[in-house]
Amino acid sequence: MAEIFAQWLVPLILVIVPFYGLIKKAKVYEVFVEGAREGIDVIIRIFPSLLAMLVAVGVLRASGALEIFAHFLMPFTQIIGMPEDLVPLALIRPLSGSGALGIVTEIIKTHGADSFIGKMASAMYGSTETTFYVLAVYFGAVGVKNVRHAVISGIFTDVVAIISCVFFSHVFF
């Protein structure tokens, strides 16, 4: 029953919404076209920020700067009990969700999904945010120029999430 409902849910919505618009005497096609136009305008506005973020992540990974920074942070991460393999994840997650997912996937392939490090990587991936991606894309879409406090808050939140993740992973796993 649930499978049949799931198969028909989207087509049903695609039929009901236009009919509801017609009942309310809305110009359904014109509203749809205007929404599509606004969507394209948003894509054009955020594309430069998104491209800059993706290039920056690629440069960090390809240049070896990520590994150098991870090595620099190693004494601190050892003190809090973070496994060495998770440092690149902690560094790349605020920049790129897909880059972080690639790191998590590699960790799970190497250590296993039920290993301590696999569980901690999964928890870290789920409890942190792509801070700089959000700032670049969403703030860029609405034209916010001064993001100083958002950057500080986002980085602080990511650091707290990473430290909490390490602590609670040691407690529960």
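*Asks:* Pulling in residues and values, what's your account of the overall build of the protein?
*Replies:* Tallying secondary structure elements over the protein gives 8 helices and 0 strands in all. The order of helices and strands in the protein, counted from the N terminus, is α-α-α-α-α-α-α-α. The C-alpha atoms of the protein give a radius of gyration of 21 Å, which is well past the 16 Å a tight globule of 173 residues would have. Along the longest, intermediate and shortest principal axes, the C-alpha atoms of the protein span 65 × 45 × 30 Å.

*Asks:* Quick rundown of the pattern of salt bridges? Include the residues and the values.
*Replies:* Overall, the coordinates contain 1 salt bridge when judged by the stated rule. Notably, a salt bridge pairs Arg-37 with Glu-34, separated by 3.0 Å at the nearest N-O pair. Highlighted residues: Arg-37 and Glu-34, both in helix H2 (residues 28-63), separated by 3 residues, approximately one helical turn. Under the relative-accessibility criterion, Arg-37 is labelled partly exposed at 45%. The class of Glu-34 is partly exposed, set by a relative accessible area of 35%.

*Asks:* So what's going on with unusual backbone geometry? Residues and values would help.
*Replies:* Backbone geometry places Lys-25, a non-glycine residue, at a positive phi of 60 degrees. One can find Lys-25 in the loop between helix H1 (2-23) and H2.

*Asks:* Tell me about the environment of Met-82, and please be specific about residues and values.
*Replies:* Within the fold, Met-82 resides in the loop between helix H3 (65-80) and helix H4 (87-92). Look at Met-82 and you get buried, because its relative accessible area is 6%. With residues near it in sequence (within four places) discarded, Met-82 still touches Thr-77, Val-87, Ala-90, Met-124, Ile-162 and Val-166.

Rules and cut-offs
Residues numbered from 1 in each chain as written. Predicted model: local features only at pLDDT ≥ 70, side-chain atom pairs only at ≥ 80, totals over all residues. Heavy atoms only, no water. Helix = DSSP H or I, 4+ residues; strand = E, 2+ residues; numbered from the N terminus. Rg over C-alpha atoms; globule rule 2.2 N^0.38 Å. Salt bridge = Lys/Arg side-chain N within 4 Å of Asp/Glu carboxyl O. Buried < 20%, exposed > 50% of the residue type's maximum accessible area, 1.4 Å probe, protein only. Contact = heavy atoms within 4.5 Å.

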